[in-house]
Amino acid sequence: MIEPERLEGVPGRYWHRLEDGRIQCDVCPRHCRLNEGQRGLCFVRGRQDDRIVLTTYGRSSGFCVDPIEKKPLNHYLPGTPV
């Protein structure tokens with residue numbers, strides 16, 4: 001038997017238990033219904049130990065280096081990255 005993936009994260013809110021034993025996430029319109037060890041379609045929330053955990057809490061969700069001229073600060077240190 002394959003062990004479910006162990007998800008580490010911060011406990012989340014906005015979910016409820018369904019009659020069939022799954023947990024439904026209530027954050028977005030997709031309403032993911034999760035079994036133990038599964039992640040939602042967003043890959044941010046997952047089920048671990050009969051609760052929803054946020055697996056990306058405290059981590060960077062995006063990174064991009066743009067020239068300063070693209071930002072509203074276009075006159076502040078021209079030619080430098082943001």
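Before reading further, recall that the structure is shown in the block above.
In what follows, the accompanying structure is described.

Criteria and thresholds
Every chain begins its residue count from 1, and numbering advances along the sequence as written. Owing to the predicted nature of the model, reporting of local features is limited to residues with pLDDT of at least 70; listing and counting of side-chain atom pairs is limited to 80 or more, with chain, interface and lining totals taken over all residues. Note that the side-chain values use all heavy atoms of the structure and ignore hydrogens as well as water. Strands were regarded as paired on the criterion that DSSP finds at least two bridges between them. Here a strand is any run of E in DSSP of at least two residues, a helix any run of H or I of at least four, and the numbering for each starts at the N terminus. Contacts between residues were defined by any pair of non-hydrogen atoms, one from each residue, lying within 4.5 Å. Two N or O atoms count as a polar contact when they lie within 3.5 Å, although within protein this holds only if one can serve as hydrogen donor and the other as acceptor, and sequence-adjacent residues are included solely when both atoms are side-chain atoms. Should a side-chain nitrogen of Lys or Arg be within 4 Å of a carboxyl oxygen of Asp or Glu, the pair is scored as a salt bridge.

Let us now look at the sheet that holds strand β1 (residues 10–11). Where strands meet in a sheet, backbone hydrogen bonds hold them as pairs that are either parallel or antiparallel. Spatially, β1-β6-β5 is the arrangement adopted by the 3 strands of the open sheet, whose pairing is antiparallel. Only two strands of the sheet have a single neighbouring strand rather than two, namely β1 and β5 (45–47). In this structure, β5 lies alongside strand β6 (residues 52–54), joined through 3 bridges in antiparallel fashion. Along β6, the bridge assignment pairs Arg 45 with Leu 54.

Time to look at the environment of Thr 55. Position of Thr 55 among the secondary structure elements: in the segment after β6. Sequence spacing of Thr 55 and Arg 45 is 10 residues, and the spatial spacing of their C-alpha atoms is 6.0 Å. Beyond its immediate sequence surroundings of up to four residues, Thr 55 is in contact with Leu 7, Glu 8, Gly 9, Arg 39, Phe 43 and Val 44. A distance of 3.4 Å separates a polar side-chain atom of Thr 55 from the backbone oxygen of Phe 43.

If you trace the 3 strands from one edge of the open sheet to the other, you get β2-β3-β4, paired in antiparallel fashion. Each of the sheet's edge strands pairs with one partner strand only, and the pair in question is β2 (15–17) and β4 (33–34). Judged from the 3 bridges that link them, β2 and strand β3 (residues 23–25) form a sheet pairing that is antiparallel. Considered in β3, the bridge of Arg 17 is made with Ile 23.

Okay, unusual backbone geometry next. Of all residues except glycine, most have a negative phi; of all peptide bonds, most are trans. With a phi close to 65°, Tyr 14 is a non-glycine residue in the positive phi region. Structurally, the position occupied by Tyr 14 is in the loop between β1 and β2. The backbone of Asp 49 sits at a positive phi, close to 55°, despite the residue not being glycine. Turning to its location among the elements, Asp 49 is positioned in the loop between β5 and β6.

A complete count under the given rule lists 3 salt bridges for this structure. Note that Arg 22 and Asp 20 form a salt bridge whose closest N and O atoms lie 2.8 Å from each other. Here Arg 47 and Asp 50 are joined by a salt bridge, their closest N and O atoms 2.5 Å apart. Through salt bridges that share partners, Glu 36, Arg 47 and Asp 50 make up one connected network.

A few words now on the environment of Phe 43. For Phe 43, the position within the fold is in the loop between β4 and β5. Each C-alpha atom, one on Phe 43 and one on Thr 55, is 7.9 Å from the other, the two residues being 12 residues apart in sequence. Residue contacts for Phe 43: discarding those within four places in its chain leaves Thr 55 and Thr 56.

All quantities given are derived from atomic positions and should not be read as evidence of function.
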